[in-house]
Amino acid sequence: SIEFVGAREILDSRGNPTVEVEVILDDGSEGRAAVPSGASTGAFEAVELRDGGKRYGGKGVSKAVLGVIDQLGPELVGYDASEQRLVDQAMLDLDATDNKAKLGANAILGVSLAVAHAAAQSAELPLYRYIGGPNAHTLPVPMMNILNGGAHADSDVDVQEFMIAPIGASTYRDALEQGVSVYHALKSVLKKQGLSTGLGDEGGFAPSLPRNVAALELIATAIESAGLKLGTDIGLALDVASTEFFDAKAGTYGFEGKQLSADEMIAIYEEWLAAFPIVSIEDPLAEDDWAGWSGLVSKVGADVQVVGDDLFVTNVERLRRGIDEKAANALLVKVNQIGSLTETLDAVDLAHRAGFACMMSHRSGETEDTTIADLAVATNCGQIKTGAPARSDRVAKYNQLLRIEEDLDDAARYAGASAFPRFAA
Ligand code: PGA
Ligand code: ZN
């Protein structure tokens, strides 16, 4: 059972404070977890508790840390750590708000994940197997974000993330190697064209480009120059993060210097889909433009994965609406959007039962914590996005997946193109 819960303030990959939690059980088992943080956050996300004031520009998390030490910890002492659902419910009851505003989703999530790590150690199982059981065996396609724009870069590129999906590889290890070769080839392509090779928040290159479509063209060139085939070896994927450039008052999207309607945005996506082998589009429309989403899915949903991030915020209520209205066909899964492991697993479960795909995801602000790599395998979700294959905050997760693939040995199965049934068919 849980004997001790401690917490501290550490730094994330952007140099902002975040919460780290340690849990110790009475059998000596220990678990530790650190909490990520977004930049292009959805309005419906659970609340991240920040101190305000002068320290760390107001971004300190000492209140969240104190909440763990003084309130959450004492409440949980004596709980069986393997009763994750009861542990998480006890924290929700103690917070007693809809959006974890009192104690903070950052405090609650840190404890939730650290408890899972401690329980896994106590059970002498790797985390992915402790959570996923004997059927957890699918290595996800690494959706590598090699060109950063939007809120993650200092450029004029509207689309936040241009990802590559190595769908043709037969193992995760080979997929990662292919991704790295494209990443390095892209650097050479950018250099040759006199474009910046500086990096954005998720480790991808962040050049200024005349049009968004130029990013797709540059990546296509990089794939070919790496000796790989666009479409069969490597698919493309986007996170438009369009809420960031949506003007809610006018109801228009500020894209490439123009104010566009949802229909005009959809027309642009249809052009891109016709010209490039795009397997997945995330947040193509704004977080409350439900009609726009349903319109897009009815047009292209049979051919491409349409992923709700800010739309769903890993929240089963919002996901249920999306399923009913056919507003998407995939869920982006971010543990800190909802703030507990139990609720995260509930969202994945609901998505899968509705025939939605799931993509496990990091945040743009990350730490060395690798929990999401294990969650991707535990849920057999087949897809993970955790940035470029560079920078330790991103690579830590990709490296953990190498360890898991090795641990699974002959039982390991790489999802590959099957992660995108619409594309594979
Ligand atoms: P964020 O970006 O972590 O800054 O929200 C990631 C995403 O939008 O998927
Ligand atoms: Zn997103």
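No experiment lies behind these values; they were computed from the predicted model shown.

### Quick notes on the coordination of the zinc ion (ligand 2)
And then number 1: Listed as protein donors to the zinc ion (ligand 2) are Asp239 (OD), Glu282 (OE) and Asp309 (OD); their distances from the metal cover 2.0 to 2.1 Å.
And then number 2: Read in sequence order, the donor residues coordinating the zinc ion (ligand 2) give the pattern D-x42-E-x26-D. Of the two residues, glutamate 282 sits in strand E12 (residues 278–282) while aspartate 309 sits in the loop between strand E13 (305–308) and helix H9 (316–324), which places them 27 residues apart along the sequence.
And then number 3: The exposure class of aspartate 309 is buried, given its relative accessible area of 2%.

### Observations concerning the UniProt feature "domain: Enolase N-terminal" (unreviewed entry) in the protein
And then number 1: The UniProt record marks residues 2–131 with the feature "domain: Enolase N-terminal" (unreviewed entry), using the residue numbering of this structure.
And then number 2: Here residues 2–131 is 38% helix and 18% strand, with 18 Å between the C-alpha atoms at its ends.

### Comments concerning the sheet that holds strand E8 (residues 235–239)
And then number 1: Read from one edge to the other, the open sheet built from nine strands follows the order E5-E16-E15-E14-E13-E12-E8-E7-E6, with strand pairing classed as mixed. Bordering the open sheet on either side are strand E5 (141–142) and strand E6 (144–148), each of which pairs with just one other strand.
And then number 2: Bridging between strand E14 (residues 330–333) and strand E15 (residues 357–361) involves four bridges; their strand directions are parallel. When the sheet's bridge partners are listed, leucine 332 is paired in E15 with methionine 359.

### Let's talk about the site of ligand 1
And then number 1: Near ligand 1, the surroundings consist of 15 residues, among which Ala39, His152, Arg363, Ser364 and Lys385 are the closest.
And then number 2: The side chain of glutamate 282 places a nitrogen or oxygen atom 3.1 Å from an oxygen atom of ligand 1.
And then number 3: Between ligand 1 and the protein, one listed contact pairs an oxygen atom with a side-chain N or O atom of lysine 385 at 2.6 Å.
And then number 4: In isolation ligand 1 exposes 280 Å². Once the protein is present, 100% of that is buried.
And then number 5: Grouping the constituent residues of the shell around ligand 1 by class yields two nonpolar, five polar and eight charged.

### Considering the pairing of E12
And then number 1: Counting buried positions over the five residues of E12 gives five, a clear majority of the element.
And then number 2: In terms of handedness, the path from E12 via helix H8 (residues 290–300) over to E13 forms a crossover that is right-handed.

### Comments concerning the packing of aromatic side chains
And then number 1: Tallied over the entire structure, the rule returns eight aromatic pairs.
And then number 2: Measuring from ring centre to ring centre gives 5.7 Å for phenylalanine 245 and phenylalanine 255, while their planes differ by 50 degrees; the resulting arrangement is tilted. Taken as a pair, phenylalanine 245 in the loop between E8 and strand E9 (246–247) and phenylalanine 255 in strand E10 (residues 252–255) lie far apart in primary sequence, ten residues in all.
And then number 3: Both rings, one in phenylalanine 312 and one in phenylalanine 356, keep their centres 6.4 Å apart while their planes meet at 50 degrees; by these two values the pair is tilted. Taken together, the positions of phenylalanine 312 in the loop between E13 and H9 and phenylalanine 356 in the loop between helix H11 (341–353) and E15 put the pair 44 residues apart, joining distant regions of the chain. Taken as a pair, phenylalanine 312 and phenylalanine 356 share a single burial class, namely buried.
And then number 4: Aromatic ring contacts, followed pair by pair, group Phe245, Phe246, Tyr253, Phe255, Tyr269 and Trp272 into a single cluster.
And then number 5: Above the face of the phenylalanine 44 ring, arginine 318 is positioned so that its terminal group lies 3.8 Å from the ring centre.

Rules behind the numbers
Residues numbered from 1 in each chain as written. Chains lettered and ligands numbered in written order. Predicted model: local features only at pLDDT ≥ 70, side-chain atom pairs only at ≥ 80, totals over all residues. Heavy atoms only, no water. Donors = N, O, S within 2.8 Å, 3.2 Å for Na, K, Ca; no water. Helix = DSSP H or I, 4+ residues; strand = E, 2+ residues; numbered from the N terminus. Buried < 20%, exposed > 50% of the residue type's maximum accessible area, 1.4 Å probe, protein only. UniProt positions renumbered as here; feature names shortened; annotations may be inferred. Pairing = 2+ DSSP bridges. Near = heavy atom within 4 Å. Polar contact = N/O pair within 3.5 Å; in protein donor to acceptor, adjacent residues only side chain to side chain. Areas by Shrake-Rupley, 256 points an atom, 1.4 Å probe, with all protein chains shown as cover. Nonpolar A, V, L, I, M, F, W, Y, C, P; charged D, E, K, R; others polar. Right-handed = clockwise from strand over helix to strand, strands pointing away. Phe/Tyr/Trp six-rings, centres within 6.5 Å; stacked < 30°, edge-to-face > 60°. Lys NZ or Arg CZ within 6 Å of the ring centre and 35° of its normal.

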